[in-house]
Amino acid sequence: MKPFQFKEFTVHQDKTAMKIGTDAVLLGAWCDLGGYPDTMLDVGSGTGVISLMLAQRSDAMTIDAVEVDEGAYEQTVENFEQSAWGDRLFCYNASFVEFVEEMAEEEEEYDIIVSNPPFYTDDYETEDIARNKARFTSSLSFEELIQGVSEILSENGRFSTIIPFKEEADFIKLAKKHNLYLNRVCRVRGNPTSEIKRSLLEFSFTKATVQEEELIIETRRHQYTDAYINLTKDFYLKM
């Protein structure tokens, strides 16, 4: 598996079951970093691509990642070490639930939390255990994700995620139970005639008028829309 070359960093992906996909890049580019956040967290880092995008986009001194799968954890660490921002990036090999317990005990909080979470249900599980763990809600449920975020997000912090559009309403309802309110949403279509596939969501502890937008990725195969190019051009080599 060849490394994935971005404008300012390279991502090796030979040790992890989950390869770089559009979802991660969309989230890493779309999430709002607010003013000058000090601390950021990437939940379920996979290859570490989102953390690397956050490092490129900010001066935050602490960018942590947490990854339960050992192969993906090793991959993330390797990609962090080989980047220009290795001194600001750190990955924990733990489940998010364990990580939250430890951080809550130490009263550590994050200004920005970002997660491209696992989102297929058990019905879809395959023979590949590592891939299952990376992509299935059995390894981290939405409930566990939201509850954990609510415990370690700073008072004025932001939490951004990307999920299937069909899960959007339930996810928002679940977040509200933990006092996390939707502030922004971007619904993503592959092309102008396809169904909405993904929802990019941003939450905080503050109730606000929801900003809604829609993003179309291509007009036809490999003909990207201006909106998609503008969003990703700082990262993709050919944009």
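Residues numbered from 1 in each chain as written. Predicted model: local features only at pLDDT ≥ 70, side-chain atom pairs only at ≥ 80, totals over all residues. Heavy atoms only, no water.

### Considerations on the overall build of the chain
Then comes step 1: Secondary structure summary: the chain contains 8 helices and 12 strands in total.
Then comes step 2: The globule rule puts the C-alpha radius of gyration for 239 residues at 18 Å, and the 17 Å found for the chain is close to it.
Then comes step 3: Seen through its C-alpha atoms, the chain measures out along the principal axes to roughly 50 × 40 × 40 Å.
Then comes step 4: Within the span of the chain, comprising 239 residues, buried residues form 51% of the whole.
Then comes step 5: The long-range fraction of contacts in the chain, counting pairs at least 24 apart against all pairs at least 6 apart in sequence, stands at 70%.
Then comes step 6: Accessible surface computed for the chain: about 12100 Å², of which carbon and sulfur atoms make up 45%.
Then comes step 7: Within the chain, the 44 negative side-chain charges are centred at a point lying 11 Å from the centre of the 24 positive side-chain charges. (Helix = DSSP H or I, 4+ residues; strand = E, 2+ residues; numbered from the N terminus. Rg over C-alpha atoms; globule rule 2.2 N^0.38 Å. Buried < 20%, exposed > 50% of the residue type's maximum accessible area, 1.4 Å probe, protein only. Contact = heavy atoms within 4.5 Å. Areas by Shrake-Rupley, 256 points an atom, 1.4 Å probe, with all protein chains shown as cover. Lys, Arg positive; Asp, Glu negative; His and termini not counted. Charge placed at Lys NZ, Arg CZ, Asp CG, Glu CD.)

### Regarding the sheet that holds strand 7 (residues 153-164)
Paired through their backbone hydrogen bonds, the strands of a sheet run either parallel or antiparallel.
Then comes step 1: Pairing in this open sheet of 8 strands is mixed, and the strands run 5-4-3-6-7-9-8-10 from one edge to the other. If you trace the sheet from one side to the other, it starts and ends with strand 5 (89-92) and strand 10 (211-216), each paired once. Averaged over neighbouring strand pairs, the angle between their axes works out to 15° when direction is ignored.
Then comes step 2: Sheet topology note: the strand 4 (residues 62-66)/strand 5 ladder contains 4 bridges and is parallel. In the strand pairing of strand 5, Val66 is matched with Tyr92.
Then comes step 3: Against the sheet, helix 4 (residues 96-105) engages strand 3 (39-43), strand 4, strand 5 and strand 6 (110-115), with an angle of about 155° to strand 3. (Pairing = 2+ DSSP bridges. Axes fitted to C-alpha atoms, helices over the stretch in contact; angles between N-to-C directions.)

### Examining helix 2 (residues 49-57)
Then comes step 1: A large share of helix 2 lies buried, amounting to 8 of its 9 residues.
Then comes step 2: Residues of helix 2 that are buried include every one of Val49, Ile50, Ser51, Leu52, Met53, Leu54, Ala55 and Gln56, and no others.

### Remarks on a negative patch on the surface
Then comes step 1: Residues Glu98, Glu101, Glu102, Glu105, Glu106, Glu107, Glu108, Glu109, Glu151 and Glu155 make up a contiguous surface patch of negative charge.
Then comes step 2: Ranked by residue count, the leading element in the negative patch is helix 4, at 4 residues.
Then comes step 3: Tracing the backbone shows Glu108 in the loop between helix 4 and strand 6.
Then comes step 4: Assessed through its relative accessible area of 38%, Glu108 is described here as partly exposed. (Patch = residues over 30% accessible without salt bridge, like charges linked within 9 Å, V, L, I, M, F, W, Y side chains within 5 Å. Salt bridge = Lys/Arg side-chain N within 4 Å of Asp/Glu carboxyl O.)

### Describing the nonpolar core
For soluble globular proteins, nonpolar side chains are generally found buried alongside one another.
Then comes step 1: Formed by 37 residues in total, the largest nonpolar core has its most connected members in Phe6, Phe9, Leu26, Val49 and Leu200.
Then comes step 2: Elements with a contribution of two residues or more to this core: helix 1 (22-30), helix 2, strand 4, strand 5, strand 6 and strand 8 (181-189).
Then comes step 3: Those residues in contact with Val49 that sit more than four places away from it in its chain are Phe6, Phe9, Val11, Ile20 and Ala24.
Then comes step 4: Within the second largest apolar cluster, 28 residues are counted, among which are Val43, Tyr110, Ala175 and Leu201. (Core = buried A, V, L, I, M, F, W, Y, C linked by side-chain atoms within 4.5 Å.)

### Some details on the packing of helix 1 against helix 2
Then comes step 1: Helix 2 packs onto helix 1 with a crossing angle of 25° between their chain directions and a minimal axis gap of 9 Å. Considered as vectors, helix 1 and helix 2 are oriented roughly parallel to each other. Between helix 1 and helix 2 lies a crossing of right-handed hand. Where helix 1 abuts helix 2, its residues Ala24, Val25, Leu27, Gly28, Ala29 and Trp30 lie against Val49, Ile50, Met53 and Arg57. (Parallel < 35°, antiparallel > 145°, perpendicular 65-115°, else oblique. Left-handed = near helix turned anticlockwise from the far one by under 90°.)

### Here we look at the confidence of the model for the chain
Then comes step 1: When pLDDT is averaged along the chain, the result is 91; 91% of the residues meet or exceed 70.
Then comes step 2: Below pLDDT 50 for its whole length, residues 120-125 participates in 11 contacts with residues either more than four positions away or in separate chains.
Then comes step 3: Throughout residues 132-138 the model reports pLDDT below 50, and contacts reaching past four residues in sequence, or to other chains, amount to 26 contacts. (pLDDT = per-residue confidence, 0-100.)

### A look at the state of the cysteines
Then comes step 1: Inspection of the entire model under this criterion finds 0 disulfides.
Then comes step 2: Not engaged in a disulfide, the cysteine Cys31 finds its nearest cysteine sulfur in Cys186; these two sulfurs lie 12 Å apart.
Then comes step 3: With relative accessibility at 0%, the residue Cys31 sits in the buried group.
Then comes step 4: Of all cysteine sulfurs in the structure, the one in Cys31 sits closest to Cys91, which takes part in no disulfide; the separation is 17 Å.
Then comes step 5: Looking at Cys91, the relative accessible area reads 4%, which means it is buried. (Disulfide = S-S within 2.5 Å.)

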